[in-house]
Amino acid sequence: MSIICGLPLLECVYCLACARWAWKRCLHTAGHDSETWGHASAVEFEPVPRLCRYILAVYEDDLRQPLWEPSGGYGINPDGLILKKTYLDTKGQAPPYVLYLDHDHADIVLAFRGLNLAKESDYAVLLDNKLGQRKFDGGYVHNGLLKAAGWVLNAEHEVLKDLGEKYPNYTLTFTGHSLGSGVAALLTMVAVQNRDKLGNIDRRRIRCYAIAPARCMSLNLAVRYADVINSIVLQDDFLPRTATPLEDIFKSLFCLPCILCLRCMRDTCIPEEKMIKDPRRLYAPGRLYHIVERKPFRLGRFPPVVKTAVPVDGRFEHIVLSCNATSDHAIIWIEREAQRALDLMLEKDHVMEIPAKQKMERQETLVKEHTEEYRAALQRAVTLAVPHAFSPSPYGTFDEEGQGEHSPGSSGESSFGSSRKPQSKENWDELIERLFDKDESGHIVLKKSSRDD
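Residues numbered from 1 in each chain as written. Predicted model: local features only at pLDDT ≥ 70, side-chain atom pairs only at ≥ 80, totals over all residues. Heavy atoms only, no water.

Enquirer: Quick one: what's the story with the overall build of the protein, residue by residue and with numbers?
Expert: Counting its secondary structure elements, the protein contains 15 helices and 15 strands. Among the 453 residues that make up the protein, the fraction classed as buried is 53%. Counting every atom, the protein has about 21,500 Å² of accessible surface; 56% of that belongs to carbon and sulfur. (Helix = DSSP H or I, 4+ residues; strand = E, 2+ residues; numbered from the N terminus. Buried < 20%, exposed > 50% of the residue type's maximum accessible area, 1.4 Å probe, protein only. Areas by Shrake-Rupley, 256 points an atom, 1.4 Å probe, with all protein chains shown as cover.)

Enquirer: Please provide a residue-by-residue account of the sheet that holds strand E3 (residues 97-102), values included.
Expert: Here we have nine strands laid out as an open sheet, ordered E1-E13-E12-E10-E8-E7-E4-E3-E2, and mixed in their pairing. With partners counted over all chains shown, the strands left at the sheet margins are strand E1 (38-39) and strand E2 (81-85), one partner each. Pairing geometry for E2 and E3, over four bridges, is antiparallel. In the sheet register, Leu81 faces E3, and the bridge partner there is Tyr100. Along the sheet face, helix H7 (residues 143-166) touches E2, E3, strand E4 (107-112) and strand E7 (171-177) and points at about 10° away from the line of E3. Seen against the sheet, helix H8 (residues 179-193) touches E4, E7, strand E8 (206-211) and strand E10 (229-234) and runs at an angle of roughly 150° to E7. (Pairing = 2+ DSSP bridges. Contact = heavy atoms within 4.5 Å. Axes fitted to C-alpha atoms, helices over the stretch in contact; angles between N-to-C directions.)

Enquirer: Could you give me a rundown of the pattern of salt bridges, with the residues and numbers involved?
Expert: This model, assessed by the stated rule, comprises 19 salt bridges. A salt bridge links Asp107 to Arg50, with the nearest nitrogen and oxygen atoms 4.0 Å apart. Taken together, the residues span a long stretch of sequence, with Asp107 in strand E4 and Arg50 in helix H4 (residues 47-57) at a distance of 57 residues. Classification of Asp107 as buried rests on a relative accessible area of 0%. Assessed through its relative accessible area of 6%, Arg50 is described here as buried. (Salt bridge = Lys/Arg side-chain N within 4 Å of Asp/Glu carboxyl O.)

Enquirer: Summarise the pairing of E8; cite the residues concerned and give the values.
Expert: Burial runs high along E8: six of the six residues are buried. Neither face of E8 is left uncovered, since the one carrying Ile206, Cys208 and Ala210 and the one carrying Arg207, Tyr209 and Ile211 both have all their residues buried. Strand direction decides the pairing type here: E7 and E8, joined by six bridges, are parallel. Note that in E8 the partner of Thr175 across the bridge is Tyr209. Taking the sense of rotation as the criterion, the β-α-β connection linking E7, H8 and E8 turns out right-handed. (Right-handed = clockwise from strand over helix to strand, strands pointing away.)

Enquirer: Please provide a residue-by-residue account of the packing of aromatic side chains, values included.
Expert: For any pair of aromatic rings, the description consists of the separation of the ring centres together with the inter-plane angle of the planes. Evaluated as defined, the whole model comprises five aromatic pairs. Judged by centre distance (5.3 Å) and plane angle (50°), the rings of Tyr97 and Phe112 are tilted. With Tyr97 in strand E3 and Phe112 in strand E4, the pair connects residues that are 15 residues apart, well separated along the chain. Here the aromatic rings of Tyr167 and Tyr170 are separated by 4.8 Å at their centres, their planes lie at 25°, and the arrangement is stacked. A residue is classified by how much of its surface remains accessible, and Tyr170, at 13% relative accessible area, is buried. (Phe/Tyr/Trp six-rings, centres within 6.5 Å; stacked < 30°, edge-to-face > 60°.)

Enquirer: So, the nonpolar core: which residues are in play, and what are the values?
Expert: Core analysis: the biggest nonpolar cluster contains 61 residues, and Phe174, Leu186, Met189 and Met217 have the highest contact counts within it. Top element by residues in this core is H8. It accounts for 10 residues. Discounting residues that sit within four places of it in the chain, Leu186 has contacts with Val141, His142, Leu145, Leu146, Ala149, Cys216 and Met217. Counting residues in hydrophobic clusters, the runner-up holds 32 residues, among them Cys52, Ile55, Ile232 and Tyr289. (Core = buried A, V, L, I, M, F, W, Y, C linked by side-chain atoms within 4.5 Å.)

Enquirer: I'd love a proper account of H8, names of residues and values included.
Expert: End to end, H8 covers 22 Å across 15 residues, agreeing with the expected 21 Å (1.5 Å per residue, within 8%). With 15 of 15 residues buried, H8 lies mostly within the body of the structure. (Expected span 1.5 Å × (residues − 1).)

Enquirer: Residues and numbers for the packing of H7 against H8, please.
Expert: Close contact between H7 and H8 brings their axes to 8 Å; oriented N to C, the two are set at 65°. The handedness of the crossing between H7 and H8 comes out as right-handed. The residues of H8 that touch H7, namely those facing Leu145, Leu146, Ala148, Ala149, Val152 and Leu153, are Leu179, Gly182, Val183, Leu186, Leu187, Val190 and Ala191. Grouping the constituent residues of the contact of H7 with H8 by class yields 12 nonpolar, one polar and no charged. (Left-handed = near helix turned anticlockwise from the far one by under 90°. Nonpolar A, V, L, I, M, F, W, Y, C, P; charged D, E, K, R; others polar.)

Enquirer: Hey, could you go over unusual backbone geometry for me, with residue numbers and the actual values?
Expert: What is expected of a backbone is that most residues other than glycine have negative phi and most peptide bonds are trans. Notably, Asp137 is not glycine yet its phi reads approximately 50°, a positive angle. Considering the arrangement of structural elements, one finds Asp137 in the loop between strand E5 (134-136) and strand E6 (139-141). The backbone of Gln235 sits at a positive phi, close to 40°, despite the residue not being glycine. Here Gln235 lies in the loop between E10 and helix H10 (246-251). By relative accessible area, Gln235 is classed as buried at 3%.

Enquirer: I'd love a proper account of the confidence of the model for the protein, names of residues and values included.
Expert: Mean pLDDT over the protein stands at 81; residues scoring 70 or higher make up 70%. Here residues 395-425 scores under 50 on pLDDT; set against residues more than four positions off or in separate chains, the count is 77 contacts. (pLDDT = per-residue confidence, 0-100.)

Enquirer: Which residues make up the environment of Arg362, and what values go with them?
Expert: The topology assignment puts Arg362 in helix H14 (residues 356-383). Sequence separation of Arg362 and Val43 is 319 residues, and the distance between their C-alpha atoms is 9.8 Å.

Given below as structure tokens:
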């Protein structure tokens, strides 16, 4: 009898718990993710809308006669297009991409398109992964995306090497959207670890902009490569926030709201400390830029604001229950809002009429701030006991001249930073041998997936 009398009390407690969960989830907005981050400057954010247009250009069959050109154009000189690879050229091993020599911005750009819902080969890349399947540089990465990145670098490293040597003052930029962002991010990691294949290019010349990124690498790698990889997220975008494996997301594509809601409920019940200490859990890569343009309980779009940081905890861990979760993933919207945000930054700088000398000093200050923030993130990862995280060492994209040449990455060691147990980087030939086989005609083909021990 006493047990029966206690049932209504248990039901009340359960209902209150559910109501509290629903209240917290409904009140959680995208602005909460980056409310403590600093504001991005026009100098560091300038490449983003331009690279978004380059990604859009990959969708065109002929850039001299574009069909889907945005207002203002793609900003690409067709004469600077070095190569363009389609699905026929890649044979489904990687998404289509273009290699563009951007003389106006002293940049060598390799841009990948996003997921094509009509192509089985794109799904094959996404589905080629299991939790904890692929290890790389002391962490875990998405197996299919790493294979695609390895295939691209193996196919194009000679061209990239020649361009890098011909234009020694140009940066080498990898960029992509959605599926392509994951390929670009992992391609950056592979390139940094095998710079000898690119003519021993300086690490500081390599950079990546992952637009609407997939969660493709473990937390220790996401923080460690924040000096070369940048991720751009528009407001409520679902992909960087859901830790659901990509293969599960796209298997359930037509019931995406259902799986996002279920995942949201599950992650709410898991403490963040437990998430951080899972070495196989994948995250959005590198430094994060968050474009915020909507406010809670208000209609319409506001002037976009861009926040940036290298977070360790609170790294887009909660899905936002929003009707814009999928539309904010579209590259067209990201390009438009990124350009609006950049225009506002430039307008503010113009109104302030900052002298050229002060602008240069501000850029130097920004470099130092990024360096300090990057090292602080590495140290915080150690403090929070992130698996395979190590204390920072003096190297990276934002370091002073000369330090990068004597870094562990340049001397053939893994880019762990100062580790307790030195590890040598994986040889390029060993990586290719692990990922690929040769068919009877001598062509390189992807090896069937096998679990790494």
